[in-house]
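# Results of the structural survey
Single-letter residue listing:
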There are 2 protein chains.
Amino acid sequence: MIIKVKLVNALNEAYDALNDLLVKLFNNILTYEEKALITDEFKDISLNDMHVIEVIGLSQKKNMSSIAKSLEVTVGTLTIAINNLVKKGYVKRMRSAKDRRVVLVSLTEKGTDAYKHHEVFHDEMIKAIMKRLEGEQLDVLVKALNSVQDFFKTKNQD
Amino acid sequence: MIIKVKLVNALNEAYDALNDLLVKLFNNILTYEEKALITDEFKDISLNDMHVIEVIGLSQKKNMSSIAKSLEVTVGTLTIAINNLVKKGYVKRMRSAKDRRVVLVSLTEKGTDAYKHHEVFHDEMIKAIMKRLEGEQLDVLVKALNSVQDFFKTKNQD
DNA sequence: TCGATATACTTTGATTATCAAAGTAAAGTT
DNA sequence: AACTTTACTTTGATAATCAAAGTATATCGA
C-alpha cells in the first residue's frame, strides 16, 4: 500500500516537473534562442532571419517556393524576408536562366558567416545536453522528444 | 579499435538525431501548439491570448505589472492583449479599491473554460509522453530538459 | 503557332505582436 | 503643496504574417 502511494507520488512529481519544464521551454525557447543567437556580430538580423538563412544553407541555390515550404510560410511572406536579407547583405537573388520565372536564392559571404555562427550555437547546445547524459540515457531523450513530436503530429492530422 | 569507432558512430547518430529533433521542435512547437489548441470552440483567440489566460489563472485577480512580468513583455504590450480579451469576453478588468492606479484582471466564465481547455491539452500531452517512458527514463528526460534550460540560462546571463 | 491555363514570384491591404517613449492619473514623500 | 514615483494607457513605429490581386514566363492543346 505504502509502496503504491510512493510510486504514485514519484509519478506525480515527474508529471509536475515535466509540465513545468515543457510550459517554460515552449513559451520561452524562441526568445531564449534569439537572445543567445543574435550577438554583436549579427545584431541586424532576427531569429526569423536566421531560420531563413538556415534553410537556404550552404550547398546549392534554392528557389523561393521550396524555401517557403520548408519554413511553412507563404511565398509572399518569404519575399518580404528575402527583401530584408538582400538589403542587409546576407543573401543574393538570381533569376534562373532555364526558367526565368524562378528566383534562385543563395548566401553571400556574410550570410555564410551567419550560418556558421548559428551552427556553432546548435553544436554547443547539443554538446551541453549530451555532456550530462551517458549511454542509453541519450536514446531515452531521443525517444522522448520523438514522443513529443508524434503527439503534435497526431493532434494535427490535417 | 572497432569498438571505439562503433561508439563514436553511435554518438554521432545520437548527435544528429538530437540536432534534428531540437531544431524542428524549436522552430515549430508554437505553430503546432497553436493548431492543436485553437479549436472550433476557441477559434477567436490566438496562442498568445491563451498564454495570457494561462498566466491570469483561476485563483485570484492579478494586476497588469505582474502578468506582464510573467509573460516577459512590456505592460504596454499587455494592455493591448487585455483590450482584445476583454472585447472578446474572456477577461474582466477592475480598478483596485485600495489603490486606484492598479488594474485587476481576472477570467470570465468563458475565460475559465478556455483555461481548462488548455489544461486538458497539456495533460494529454504529458500523459502521451509519459506513457512511452518508464521508471528512470522519465528522470532522464527531466534531466535533459533541465540541461536545455540551463544552457539557455547560462548563455543569457544578463 | 496562338490562346488558354498553369506556375513562380511580387505586391497590396489587413491584422497581430511587439517596443520605446510620451501621456495620464493616483499615491507617496518631503 | 510641490515634487517624485508608480501603474497603467496611448501613440508611433517596426516586423511577421496571410489572402488575394497582379505580373511575367512557361506549358499545353487545338
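What counts, and where the lines are drawn
Residues numbered from 1 in each chain as written. Chains lettered and ligands numbered in written order. Predicted model: local features only at pLDDT ≥ 70, side-chain atom pairs only at ≥ 80, totals over all residues. Heavy atoms only, no water. Phe/Tyr/Trp six-rings, centres within 6.5 Å; stacked < 30°, edge-to-face > 60°. Helix = DSSP H or I, 4+ residues; strand = E, 2+ residues; numbered from the N terminus. Buried < 20%, exposed > 50% of the residue type's maximum accessible area, 1.4 Å probe, protein only. Near = heavy atom within 4 Å. Polar contact = N/O pair within 3.5 Å; in protein donor to acceptor, adjacent residues only side chain to side chain. Nonpolar A, V, L, I, M, F, W, Y, C, P; charged D, E, K, R; others polar. Contact = heavy atoms within 4.5 Å. Buried area = accessible area lost by both parts, 1.4 Å probe. Salt bridge = Lys/Arg side-chain N within 4 Å of Asp/Glu carboxyl O.

Now for the packing of aromatic side chains. Centre-to-centre distance and the angle between the planes together describe a pair of aromatic rings. Applying the stated criterion to the full structure yields three aromatic pairs over all chains. When the centroid spacing of 5.9 Å and the interplanar angle of 55° are considered together, the rings of Phe121(A) and Phe151(B) count as tilted. Here the residue Phe121(A) occupies a position in helix 5 (residues 109-131), and Phe151(B) occupies one in helix 6 (residues 136-155), the pair thus bridging two chains. Taking the relative accessible area as the measure of exposure, Phe121(A) reaches 4% and is therefore buried. With a relative accessible area of 7%, Phe151(B) lands in the buried category.

On to the protein's contact with DNA strand D. Of all residues adjacent to DNA strand D, which total 21 residues, the nearest are Ser46(A), Thr77(A), Arg101(A), Ser65(B) and Thr79(B). Restricting attention to atoms of DNA strand D within 4 Å of the protein, one finds that 78% of them are sugar or phosphate atoms. Thr79(B) has a polar side-chain atom sitting 2.6 Å from a phosphate oxygen of DNA strand D. Within the side chain of Arg101(B), a nitrogen or oxygen atom sits 3.0 Å from a base oxygen of DNA strand D. Those elements giving two or more residues to the surface near DNA strand D turn out to be helix 4 (75-87) of chain A together with helix 3 (64-71) and helix 4 (75-87) of chain B. For the surface near DNA strand D, the leading source of residues is helix 4 of chain B, giving three residues. Along the lines of polarity and charge, the residues of the surface near DNA strand D split into six nonpolar, eight polar and seven charged.

With 52 residues of chain A at the interface, the matching set in chain B holds 52 residues. Taken together, both faces of the contact between chain A and chain B bury some 5800 Å²; the carbon and sulfur share is 72%. Where chain A packs against chain B, one counts two salt bridges. Residues Asp150(B) and Arg132(A) are paired through a salt bridge, measuring 3.1 Å at the closest nitrogen-oxygen approach. Where chain A packs against chain B, one counts four residue pairs in polar contact (both at pLDDT 80 or more). Elements with a minimum of two residues in the side of chain A that touches chain B: helix 1 (2-37), helix 2 (47-56), helix 5 and helix 6 (136-155) of chain A. Ranked by the residues each element gives to the side of chain A that touches chain B, the list is headed by helix 1 of chain A, at 20 residues. Split into classes, the residues belonging to the side of chain A that touches chain B amount to 30 nonpolar, 10 polar and 12 charged.

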